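Coordinate inspection notes
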Amino acid sequence: MITSYEVFVPSVMGSGASLRTGIKVRALGCKKVLVVYDKGLKAVGIADTIVENLENAGIKTVCFDGVLPDPPDTMVEEAAEMARNETIDGIVAIGGGSAIDTAKGINVLINNTPPIMKYFGVQKNLKPGVPMIFIPTTSGTGSEVTNMCVISCTSRGNKDSVVSPICVGTLAILDPDLTLGLPPAMTSATGADALAHAVESLTGAHSNPLSDALARDSIRLIAKWLPVAYRDGSNLEAREHMLLASMFAGMAFTNALVHLGHSIGHTLGAQFHIPHGIACAVTLPEVIEYAAKTESKKVRMICECLGADVPEDATPEEIGAIARTALRSFIKSVGISNIKDLGIPLEALLKVPPLITADTGFALVPYRITAAKVAELLKSAYDA
């Protein structure tokens, strides 16, 4: 089998690493950068600290603080127009996946005409943008090391992705100090997103030895350290290991991609406006049980990483059931509700399976299932 591997983003990691932002950006030759973040990061002082660090290094800054969750295409296009008008030569994104995806979307549109929806899908011939530096403040999306951005299309009411070398960062700066103030609910939601990346990349149709190794280690780290970070947000060791787990999972799914769990997550997020990590997590146990039919060896690995015992002679169905129970117990242990408790009516939920099967990622499922089977999976997860 011939397998190709994606080249990853150079990264600087460790407590205090963000204090090197200005030096690192200056070394890239940037003189005027767009700093992308949301108003919450400004309120807690993180954004201003990074901006000051950049300016102390002699770099001019232009700030876009209008990042919204599940970045809408209209917002990205507004920010890109600012970037073009200001003739910036670099982008620094501070925050979670929304900020980083916004920065990537801006980069797509710096030298390619809007709207961004023209570029959804795999793009190999886009005009290049500018250097991008990503500083994650959550431990979930892994977007700092991926080659894609997820954008909400307001006219269609769904999410889609641009997959392109133009979305690959120039440098990632991972500083666990910036994640210490993350509330428990956000800690669990983003951690669950990383878990979904890892288990889906491990069980999908494009997995390979490198993605498998990264995914397994990510699951092990999340199983050990997410509960610690959830209970004690000031535990620096837990925060650092969760940043590492998120990065490993991002590397894994850049190489192997994700499948049904994220098709469900994208759809639930777009339809019911729930956080992405939770939207992926609420059906993850059922998704992996479904995957066990053809991927029982990989699902056995997931069970082992979670500390769940699997008999040597277990059938694929039995392995799937063990994985479902282990995953359900784990996500509940970090405070993630089921679909019913999120306030989503069952009747409304059962209208979305056709949208799930129409999601781009559905093409990567381990084996084909119908919308009716997806509805059964959603029913099983509804009040679990």
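For the structure, see preceding data.
Bear in mind that the values here come from a model prediction, so they are computed numbers and not experimental data. Note that residues are indexed from 1 along each chain, following the sequence as it is written. Whole-chain, interface and lining totals are the exception, using all residues; otherwise, since this is a predicted model, local features are given only for residues with pLDDT of at least 70 and side-chain atom pairs are given and counted only at 80 or more. In computing side-chain values, all of the structure's heavy atoms are included and hydrogens and water are not.

**A word on the overall build of the protein**
Working definition: helices are DSSP H or I runs of at least four residues, strands are E runs of at least two. Numbering for both runs from the N terminus. What the protein contains, in helices and strands, is 15 helices and nine strands. Considered along the principal axes of its C-alpha atoms, the protein spans approximately 65 × 45 × 45 Å. Taken over 384 residues, the protein has a buried fraction of 58%. The criterion used for residue contact is that any of the two residues' heavy atoms lie within 4.5 Å. In the protein, the proportion of contacts linking residues at least 24 apart, taken out of those at least 6 apart, comes to 79%. What sets the accessible areas is the Shrake-Rupley method with a 1.4 Å probe; for residues, cover comes only from the shown protein chains. In the form shown here, the protein has an accessible surface area of approximately 15400 Å², with 54% of it arising from carbon and sulfur atoms. Note that His is not counted, nor are the chain ends; the positive residues are Lys and Arg, and the negative ones are Asp and Glu. Taken as the charge location is NZ of Lys, CZ of Arg, CG of Asp or CD of Glu. Each charge sign in the protein was given a centre, from 32 positive and 39 negative side chains, and these centres are 4 Å apart. Think of it in three bands: with a 1.4 Å probe and only protein chains considered, a residue is buried below 20% of the maximum accessible area for its type, exposed above 50%, and partly exposed in between.

**Some details on the packing of aromatic side chains**
Ring geometry is summarised as follows: Phe, Tyr and Trp rings, the Trp one being its six-membered ring, pair when their centres sit within 6.5 Å, and such pairs are stacked at plane angles under 30 degrees, edge-to-face over 60 and tilted between the two. Under the criterion given, the structure shown has one aromatic pair. Measuring from centroid to centroid gives 4.6 Å for Y290 and Y367, while their planes differ by 40°, and the two rings are tilted. Placement of the pair is Y290 in helix α11 (residues 284-305) and Y367 in the loop between α14 (353-358) and α15 (371-382), with a sequence separation of 77 residues. Residue classification places Y290 among the buried positions, given a relative accessible area of 9%.

**Side note on the sheet that holds strand β7 (residues 148-153)**
The strand order across the open sheet formed by three strands is β5-β8-β7, and the pairing between neighbours is mixed. Across the chains shown, the open sheet's two edge strands, defined by having one partner strand only, are β5 (121-122) and β7. As judged from the two bridges shared by β5 and strand β8 (residues 158-163), these two strands associate in the parallel manner. Residue pairing in the sheet places G121 in a bridge with V162 of β8. Here a strand pair is declared whenever DSSP counts at least two bridges between the two strands.

**Quick look at unusual backbone geometry**
Cis rather than trans, the peptide bond between P114 and P115 has omega equal to 10°. Relative to the assigned elements, P115 resides in the loop between α5 (97-110) and β5. Located in the positive-phi region is D70, a residue other than glycine, with phi close to 50°. On the basis of relative accessibility, which here comes to 22%, the residue D70 falls in the partly exposed class. With a phi close to 55°, H273 is a non-glycine residue in the positive phi region. Residue placement: H273 occurs in the loop between α9 (260-272) and α10 (276-281). We classify H273 as exposed; its relative accessible area is 66%.

**A few points about helix α3 (residues 46-56)**
Residues I46, A47, I50, V51, N53 and L54 constitute the buried set of α3. Taken end-on, α3 shows its buried residues confined to a sector of 160°, consistent with a single buried face. Lining the buried residues of α3 we find α1 (21-27), β2 (32-36), α2 (39-43), β3 (60-64), β4 (90-95) and β6 (132-136). Following α3 by one or two positions, G58 adopts a phi angle in the positive range, close to 85°. Picture the helix axis, draw a direction to every C-beta atom, and the arc is the one those directions span.

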